[in-house]
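Structural characterization, general
Listed below, chain by chain, are the residues.
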Amino acid sequence: FSIAKIRIDQIGVRTKIWSVKRGVVPKDGLVGWHRGIPKVDQWDRYDGTVQTFLRTSERLEKIKTEPIKVRTIDDYDVDVELIIKYILRRGEVYLLRQLLGPGDRYKIILNNEAVDVARSVFGKMGEKDLYDPYERRKRAEEAGKLLAERMKDRYLDIIDVLLLDLRFDPKLDRLIRNRKLAEQDTLVNISKTRAADERGITMTIDSTTEAFVEKIMGDRNAKLTILEA
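This text gives an overview of the structure that appears in the document. (Residues numbered from 1 in each chain as written. Predicted model: local features only at pLDDT ≥ 70, side-chain atom pairs only at ≥ 80, totals over all residues. Heavy atoms only, no water.)

1. Examining the sheet that holds strand 5 (residues 41-47)
Each strand in a sheet pairs with another by means of backbone hydrogen bonds, the pair being arranged parallel or else antiparallel. Cut-off, in case you're wondering: Criterion used throughout: strands pair if DSSP finds at least two bridges between them. Note on conventions: DSSP H or I runs of at least 4 residues are helices, E runs of at least 2 residues are strands, and numbering of each starts at the N terminus.
The strand order across the open sheet formed by three strands is 3-2-5, and the pairing between neighbours is antiparallel. Of all strands in the sheet, those with a lone pairing partner are strand 3 (23-24) and strand 5, marking the two edges. The sheet contact formed by strand 2 (residues 10-16) and strand 5 spans seven bridges and is antiparallel. Residue pairing for strand 5: R14 is matched across the bridge by W43.

2. Considering unusual backbone geometry
Excluding glycine, residues mostly have negative phi values, and the peptide bonds linking residues are mostly trans. As a reminder, the rule being used: Burial status follows relative accessibility: with a 1.4 Å probe on protein chains alone, a residue under 20% of its type maximum counts as buried, one over 50% as exposed, and anything between as partly exposed.
Here the phi dihedral of D75 falls at roughly 65 degrees; this positive angle occurs in a residue that is not glycine. By the secondary structure assignment, D75 is in the loop between strand 9 (68-71) and strand 10 (77-88). Given a relative accessible area of 52%, D75 falls into the exposed group.

3. Let's talk about helix 3 (residues 133-150)
Where we set the bar: A helix is expected to span 1.5 Å multiplied by its residue count minus one. By definition, residues are in contact when any of their heavy atoms lie within 4.5 Å. N or O atoms closer than or at 3.5 Å make up a polar contact, with two conditions inside protein: a donor-capable atom paired with an acceptor-capable one, and, for residues adjacent in sequence, both atoms drawn from side chains.
Between its terminal C-alpha atoms helix 3 stretches 26 Å, which fits the 26 Å expected from 18 residues at 1.5 Å a residue. For helix 3, the full list of buried residues reads E135, R139, A140, A143, G144 and L147. Looking at the packing, one finds that the buried side of helix 3 touches strand 10, helix 2 (105-121) and strand 11 (156-168). Two to three positions downstream of the cap, the backbone nitrogen of Y134 sits 3.0 Å from a side-chain oxygen, assigning the N-cap of helix 3 to D132.

4. Comments concerning the environment of V115
Within the element layout of this structure, V115 appears in helix 2. Separated by 32 residues in the primary sequence, V115 and L147 have C-alpha atoms spaced 9.9 Å apart. Not counting chain neighbours up to four residues away, the residues in contact with V115 comprise R55 and I68.

5. As for the side chain of E135
With respect to the helices, strands and loops of the structure, E135 is situated in helix 3. For E135, a relative accessible area of 14% gives the class buried. A distance of 2.9 Å separates the side chain of E135 from the side chain of R139, its partner in a polar contact. The contacts of E135, once residues within four sequence positions are left out, are M125 and D129.

So this is what it looks like as structure tokens:
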């Protein structure tokens, strides 16, 4: 009853609640057995594995999450669905305990920062960017770097930020699709005009060539007539 066990997937933090020097012990309790005297030591156990934070429209393990609502520079409402992979920084989890107290309050901070970063980064996207896969990937990478920087002093390391989807109003979807089709039609018309111009040039070359051939043949016949005479 005086021993605390820390599993291989956990990081423990011991707090002296009855001692000459009370407070959080300035080191992480890693896997193994540790002193845990009742009413003297309090152990907080944190998840030491790679964790997943979701802001999607799907339900996972009875936990319902919601996408992050973002308004773009074109004044459109967009739902950003993100998957964030992160891990607590080993060797500094006791500092996290000192900063935020017991429990998983770091998840609340991560959520708030993720919402702010998403609105800052994806809110800069224009109408044409929403369908561009390269632009989406670029924005997700930017969000990951910014979120990692913000969580750096919270003793939490961001591994990756994955953009699952961008969902927007069906009216906007139809509007963008119609504009894309209009752009394609414009390109088709330009291509047809260029093809017609090229055919005109080709016909001109053909006419010039035929006239030149006819002139050569006429000169040849005239010379033959003179020679025969």
